[in-house]
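Residue strings, one per chain:
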Amino acid sequence: MNKIVVENLTLQYSDGAESLRNISMDIREQAITVLFGPAGGGKSSLLRCINRLNDLTSVRALRGRILLDGENILDPKTDVIALRRKVGMVFARPVTLPLSIRGNLIYGLQVMGEKRKSKLDEAVERSLKQAALWDEVNDRLDDPAIALSGGQQQRLCLARSLALEPEVILLDEPTSGLDPISTGKVEASLQELKKNYTIVLVPHSVQQAARTADFAAFFLQGELVEYSEGKEIFTTPKEKRTEDYVTGRFG
Amino acid sequence: MKLTLNRNLTQRLGFGLITTMALLTVLPIIGVVIYILAQGGPAISWEFLSAFPHDGMRQGGILPAIVGTFYLTLGTAAFSVPLGVAAAIYLSEYAAENMATRLIRLAIINLAGIPSVVYGLFGLGLFVLFLKFGTSILSASLTLSIMTLPVIISTSEEALRAVPESFRTVSISLGATRWQTIRRIILREALPGIITGVILGLERAAGETAPILFTGAAFFLPRLPGSPLDATMALPYHLFVISTQVPEMPFQIQYGTALVLIAFVLGMNLIATVVRSRARAKRQW
Amino acid sequence: MEKELTWHEFLITRLIKASGYSAILFVALIFYFLLREGLPALAEVKLGDLFAAVRWYPIENYFGLLPLISGSLIVTVGAALIAVPFGIATAVFIAEISPRWARDILKPLVELLGGLPSVVLGFLGILVLSPYLRILLNIPTGLTALAGSILLGGIAIPTIVSVAEDALDSVPRSYREGAWALGATRWQTIWRVTLPAARSGVLTAIMLGLGRAIGETMAVMMVTGNAPVMATGLGALFSPVRTMTATIAAEMGEVSNGSVHYHVLFLIGITLFLISLIVNVTASAVVFQQKKRSERVLS
């Protein structure tokens, strides 16, 4: 089942850079879809369209549709706040809010108006367990989040999105600053999470893409060059450009 | 060889000249403070700080002036802080970089440059006469508030802008609205910087004489002001009056008054500096 | 873009936006009221009697503004002659010559001077400076333009020092290092490379400092002697004068609302407002230009 359908999406920023050129693709639910390719390919831009974070930047032109569960989320009448709770995002560098660990986790619920302590505590425990962080921090939830290590902070950011019980999780190079062990933990969490969530991941290396992808899309300079199911795109790509990138001839 | 000697000599002389000029600029400042401390120190006593002036100000204390300055500072804060911080929030968080915003910034620069006596005239024309508030704490506070607005707006805006953009992005991505983001995260993190700016602005307002000359200051009042519509004595005006209008004014009282005024102003400066450095230490970013 | 603002958030956002625009409102309001009370003067007093007459004696209806303008001018020029060299020198000293530890003492000290209420400086001017000048220069009274210039210099210096020092500090290190690499001494570097590079910031500093001096009221009122006579030539530094600002402050209290005298004082206020407008807009335009240029250069 397709959770998200992108139809003819074109995006142009105010400074003229064309970021996405007529992209059409499906994103399957309960799977990890990987968007990979060299820098400037439009992968982050696509992610930020899906949770309407691009509303914050100066966009000159945005055409096309993105259907989430059949509804076009690019429609101006969309409830963007509700969308952002449904579609969580983890950024490249862990950005912890200047709050405690617990404060970070319940922030999204608090802005929704949730005040019941039971609900908040339940969300804290659930999300930390889903991000495989519960064992490490459950005894110091009131410590400032900034005191955690880089890897822990990033898993906290993942938990923070999970606390809102989203349906889709977008991850933009989530492990780019992390050591291999932390990276492994995050990738393992994603494998667990995909059973219940739709995951779209921009990896920071082709190897990570190959490790994690259920579906993979190769982006080059705003164009969707190739899309495949499974790992075939990494072993037997159909397009020459894909093959050149995957084998390391450029990038 | 000779060339090098010449250049080195020039440098020595040049540095010497600059250093001398800098010292000539800075040493008098220390001298001034020490002098006032020495001359005015003996006048400071509990009676001085808590009693009314007698005998045409030549004896007694300066309590009404101290209280008056306190009221004026409070009044100024009441108007300028909410307005100034809100304007800063607008400029930092909402305003796009267009013509209208440039106009606002230009207006702020202008407000900052208007001579204090012109503010006094404006206060007289608008608050005292047109709005019929009369010579009162209200008129004077409103006048001082508009004068203090530019300082509060620019320091607050700087404090807000210093908060990392990533906080805003994360907050929005978690489903918060812009105002929620401001209230819960941005404002809290910018607060120390804002407080510092507010204190510095109020410190300046507390020391001003010209704006309150025609809008609120009184030569002598036998009682402390009872309402915002009363006129009031104030430290800077009091100092002005006793040093220019009262014949045979004892020097010690004059210096004592100057000392209290300086202490008030510098005390606020000290508080602002302490707030600033403690906040910097506690920052989580 | 963000839908569904609650009414409460909607209200707050509206208030914030209104606060932002309030600055424009206030400038307009100030200008309006000054005009309202000051323009009638132009109808009540002949233009020539205002701007070309040399007698300011309101009691007998002499409203010649020239003595006041010249008073402001000479005091400001005198202040500039003091503040600019000493201010720039101090800025150069702090930014380029002094060791780190000295900087941490000097900057707060200069800020201290900037924080002193002008009435305190005026007070010291009366009690300390002008007797000293009287004795030193052997003149009838120390309450002169010179005393005013010295105090105004002291008031302008902190502004000049902090803005100029910032400007010097932000000259990229690479400029200095380039000069040293070519064999220049530190002294030569300062004068031929660093200062010219910080030129517009230094200019801004001077303009802002002098702008503050022109608008100063209390200190000058207390020490310049308050004699509204024409200041001719630099010799006038040693005799009493009256500035525009002091005139307003001294006479507004005794004036009846709506009288010609009242209107003329407001007219002086308009003049001061316009002068400060020009100085500040020019200064900020210079800063704006410099920022744009440096952004282009460094990117």
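Here the structure is shown first, and the text comes after it.
Note that the structure is predicted; figures quoted are calculated from it, not measured. (Residues numbered from 1 in each chain as written. Chains lettered and ligands numbered in written order. Predicted model: local features only at pLDDT ≥ 70, side-chain atom pairs only at ≥ 80, totals over all residues.)

Now for the overall build of chain C. Within chain C one finds 13 helices and two strands. With respect to the three principal axes, the spread of C-alpha positions in chain C is 70 × 70 × 35 Å. Burial analysis of chain C (299 residues in total) assigns 48% to the buried set. When contacts within chain C are restricted to residue pairs at least 6 apart in sequence, long-range pairs at least 24 apart make up 75% of them. (Helix = DSSP H or I, 4+ residues; strand = E, 2+ residues; numbered from the N terminus. Buried ≥ 20, exposed ≤ 12 C-beta atoms within 10 Å, placed from the backbone. Contact = placed C-beta atoms within 7 Å.)

Check the secondary structure of chain A and you find ten helices and ten strands. Taken over the C-alpha trace, chain A has a radius of gyration of 18 Å; the compact-globule value for 251 residues is 18 Å, and the two agree within 12%. Overall, the C-alpha framework of chain A stretches about 55 × 40 × 35 Å when taken along its three principal axes. Buried residues in chain A amount to 46% of all 251 residues. Sequence-distant contacts, at least 24 apart, represent 70% of the contacts inside chain A between residues at least 6 apart. (Rg over C-alpha atoms; globule rule 2.2 N^0.38 Å.)

As a further point, take unusual backbone geometry. All names here are of chain A. Not every positive phi belongs to a glycine, and N8 is a case in point at roughly 50°. As for its position among the elements, N8 is in strand β1 (residues 2–13). The phi dihedral of Q30 falls on the positive side, at around 50°, and the residue is not glycine. In this structure Q30 comes out as partly exposed when scored by C-beta crowding, with 14 C-beta atoms within 10 Å.

This paragraph deals with helix α3 (residues 63–94) of chain B. Taking 1.5 Å per residue, 32 residues should reach 46 Å; α3(B) reaches 45 Å between its end C-alpha atoms and fits that length. With respect to burial, α3(B) is a largely interior element, 24 of its 32 residues being buried. (Expected span 1.5 Å × (residues − 1).)

This part covers the sheet that holds strand β3 (residues 32–36) of chain A. Residues and elements named next belong to chain A. Taken together, six strands build an open sheet; the order of strands is β6-β7-β8-β3-β9-β10 and the sheet is mixed. Edge positions in the open sheet fall to β6 (87–90) and β10 (223–229), since each of these has one partner strand only. Taken pair by pair, the neighbouring strands of this sheet meet at an average axis angle of 15°, ignoring direction. Summarising the sheet, β3 and strand β9 (residues 215–220) pair through four bridges and their orientation is parallel. For T33, the partnering residue across the bridge sits in β9 and is F215. (Pairing = 2+ DSSP bridges. Axes fitted to C-alpha atoms, helices over the stretch in contact; angles between N-to-C directions.)

With respect to the element layout, A:L158 can be found in helix α6 (residues 150–162). For the pair A:L158 and A:A17, spaced 141 residues apart in sequence, the C-alpha separation works out to 30 Å.

Right, let's get into the interface of chain B and chain A. With 14 residues of chain B in contact, the opposing surface of chain A contributes 18 residues. Per-element accounting of the side of chain B that touches chain A gives the leading share, five residues, to helix α7 (residues 165–173) of chain B. When its residues are assigned to classes, the side of chain B that touches chain A shows seven nonpolar, six polar and one charged. (Nonpolar A, V, L, I, M, F, W, Y, C, P; charged D, E, K, R; others polar.)

In short, geometric facts, not functional conclusions.
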